[in-house]
Amino acid sequence: MPRDFLKDVKDKYDVIVIGSGLAGLTSANILGRAGYDVLLLEQHYKLGGMATWFKRPKGHIFNVSLHGFPYSMLKSCRRYWNQEIADRIVPLRGILFDNPQFTLKTTYDRASFTELLQSKFGVAEATIKEFFDTARGMNFYDDQKLTTKDLFERFFPGRNDITRLLMEPITYANGSTLEDPAITYGIVFSNFMSKGVYTFQGGTDLMIGLMEDELKSNGVDIRINCSAEKINTENGKVKSVTVNGREIQCRSVVSNANLLTTIFKMVGEDQFDKDYLEDAKAVRVNNSSTQVYMALGPEDHIDRDTGDLLFTSTADRFETNLLLSRDITSRTFSLYYPDTRPHDQRERHLIVSSTNARWEDWSDLDNEAYEASKQDLIETTLDALEKYLPNARERVVYTEAATPRTFYHYTRHHEGASFGTKFEGLPVSQALPSQIKGLYHAGSVGIIMSGWLGAINYGVIVSNEVDQLLMQ
Ligand SMILES: Cc1cc2nc3c(=O)[nH]c(=O)nc-3n(C[C@H](O)[C@H](O)[C@H](O)COP(=O)(O)OP(=O)(O)OC[C@H]3O[C@@H](n4cnc5c(N)ncnc54)[C@H](O)[C@@H]3O)c2cc1C
């Protein structure tokens with residue numbers, strides 16, 4: 001008999017959270033802690049969504065999206081999770097840029113960038129200060145017509161090299177382009193510049209494990225292998241969720257699944273106003289990614305001076321479109337030293353190469369072409385790594401590739417989107433409860449509300465709204 005993953009589930013909950021990405025997990029935790037009866041449904045066999053990891057023979061554990069986040073993550077984790085999780089958030093100091101326009105190392109914070117912009121790029125200190133103050137002063141309610149390109153042109157006219165320094169990591173990090181509203185750039189960039197780049201010591205598996213313990217201690221009913229099929233409504237209100245063929249009643253739903261999937265597949269067009277649907281149909285999904293995971297042999301090691309995060313490119317100039325091309329010129333290498341996982345018995349050195357990618361470059365390949373394309377991705381990545389890790393091809397003992405299809409497979413994100421939707425998804429996500437009472441969306445939409453920090457913070461915002469509704 002197949003296992004019943006809903007065994008002993010109740011007939012009714014205060015809240016059903018669909019999806020265990022960081023936004024879903026955080027919402028579930030806050031609502032559970034507040035005393036509500038919460039059911040958390042995850043279609044995959046493991047929690048975390050994109051914040052995930054996988055184990056391979058010989059004990060290699062690869063992190064998929066643990067490359068770096070801003071310092072504020074520590075505060076959010078302390079407040080909405082616990083001290084033990086917050087205590088493991090540590091800085092990454094070795095950030096390298098290497099491209100035909102410049103090569104430099106930085107701690108990726110305001111002091112380091114101010115010094116570099118002066119000494120290497122010849123910008124006056126007053127201009128740099130004004131740029132940083134402008135970026136930091138931007139807020140959500142500002143004029144959204146100003147694009148990131150306009151912002152750079154205003155402060156650094158004609159300087160493609162400075163655009164590259166300021167924009168490349170942010171584009172890598174969330175697929176944003178020069179045509180996106182400048183506020184989205186300003187908020188994310190300033191978050192990083194406040195104190196640099198941080199990581200979670202111990203790996204994603206440890207973090208999600210600690211989160212699971214915390215959820216359980218707050219009474220959240222967690223169910224994996226449970227795919228929510230339908231969100232059912234009655235008289236404009238949420239009524240229940242159909243999951244694994246079973247209907248479970250609830251007063252409220254927080255969907256952490258992709259925004260478009262939530263609206264068009266789980267609820268259905270006929271439940272929404274015409275204007276809302278038009279806005280929803282205009283929402284673009286964000287790009288996807290490819291990754292190559294590489295492990296060194298047990299006796300081998302990487303010199304610590306190589307850096308933690310390497311933003312590399314062979315393209316002569318910076319163009320956001322080039323970062324998406326299947327003809328890859330740009331790669332971010334994340335280097336994981338033994339101190340990433342201090343509790344491991346064996347010292348391991350791992351490398352993950354990440355590149356932005358388009359769904360359509362991978363979606364229609366037949367099996368043979370797909371496997372060949374993955375192998376080509378691995379081979380070209382090993383070639384590119386050679387510059388930073390001499391004899392890389394001989395030293396790397398394990399390789400594996402992930403593509404947009406992989407991300408779709410594990411998270412069901414429309415077109416394998418790494419960061420949900422583009423910026424216009426945010427108002428559509430926020431307006432969901434005005435369309436259907438009790439229905440909320442928390443998850444990657446646009447730049448501010450995605451990434452580890454953005455997803456956690458969006459989960460916090462939405463759980464407060466749910467709390468207000470349930471208290472009525
Ligand atoms: C390659 C890559 C590298 C990244 N690097 C970084 C980084 O260095 N720093 C950073 O801050 N961010 C990074 N990110 C982004 C970050 O991981 C995500 O923005 C964040 O984890 C998304 O969280 P989320 O809450 O939006 O949900 P997601 O992680 O998208 O999870 C959604 C969850 O919903 C589940 N689900 C979907 N449909 C259903 C259903 N019908 N029923 C039940 N469950 C369902 C999915 O299985 C999934 O678990 C990276 C992402 C990728 C892909």
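Details of the structure are given in the entry above.
Residues numbered from 1 in each chain as written. Predicted model: local features only at pLDDT ≥ 70, side-chain atom pairs only at ≥ 80, totals over all residues.

(A) Representation of helix H9 (residues 204–217) within the structure. Taking 1.5 Å of rise per residue, 14 residues should cover 20 Å, and H9 covers 20 Å from first to last C-alpha, within 8% of that figure. Taken together, the buried positions of H9 are occupied by Thr 204, Met 207, Ile 208, Met 211 and Leu 215. An end-on view of H9 places all buried positions within 90° of arc, on one side of the element. With respect to the buried face of H9, the exposed residues turned more than 90 degrees away are Lys 216 and Ser 217. Of the residues one or two after H9, Gly 219 is the one with positive phi, at around 80°. (Helix = DSSP H or I, 4+ residues; strand = E, 2+ residues; numbered from the N terminus. Expected span 1.5 Å × (residues − 1). Buried ≥ 20, exposed ≤ 12 C-beta atoms within 10 Å, placed from the backbone. Arc of directions from axis to C-beta.)

(B) Quick look at the site of the ligand. Within the structure, the ligand sits among 40 residues, and Gly 19, Gly 21, Ala 23, Gly 49 and His 67 are positioned closest to it. Listed by contribution, the elements that provide at least two residues to the shell around the ligand are helix H1 (22–33), strand E14 (288–296), helix H14 (404–411) and helix H17 (451–471). In terms of residues, the shell around the ligand owes the most to one element, H17, which gives four residues. Looking at the shell around the ligand, you find at least three residues from each of domain 1 (12–51 + 206–284 + 416–471) and domain 2 (91–201 + 288–357 + 363–402). (Near = placed C-beta within 6 Å. Domains from an automatic or database assignment.)

(C) Spatial organisation of the pairing of strand E9 (residues 197–200). The side-chain alternation of E9 yields two buried faces, one formed by Val 197 and Thr 199 and the other by Tyr 198 and Phe 200. Pairing between strand E6 (residues 89–92) and E9: four bridges, direction antiparallel. From the neighbouring strand, Leu 92 faces E9, where its bridge partner is Val 197. (Pairing = 2+ DSSP bridges.)

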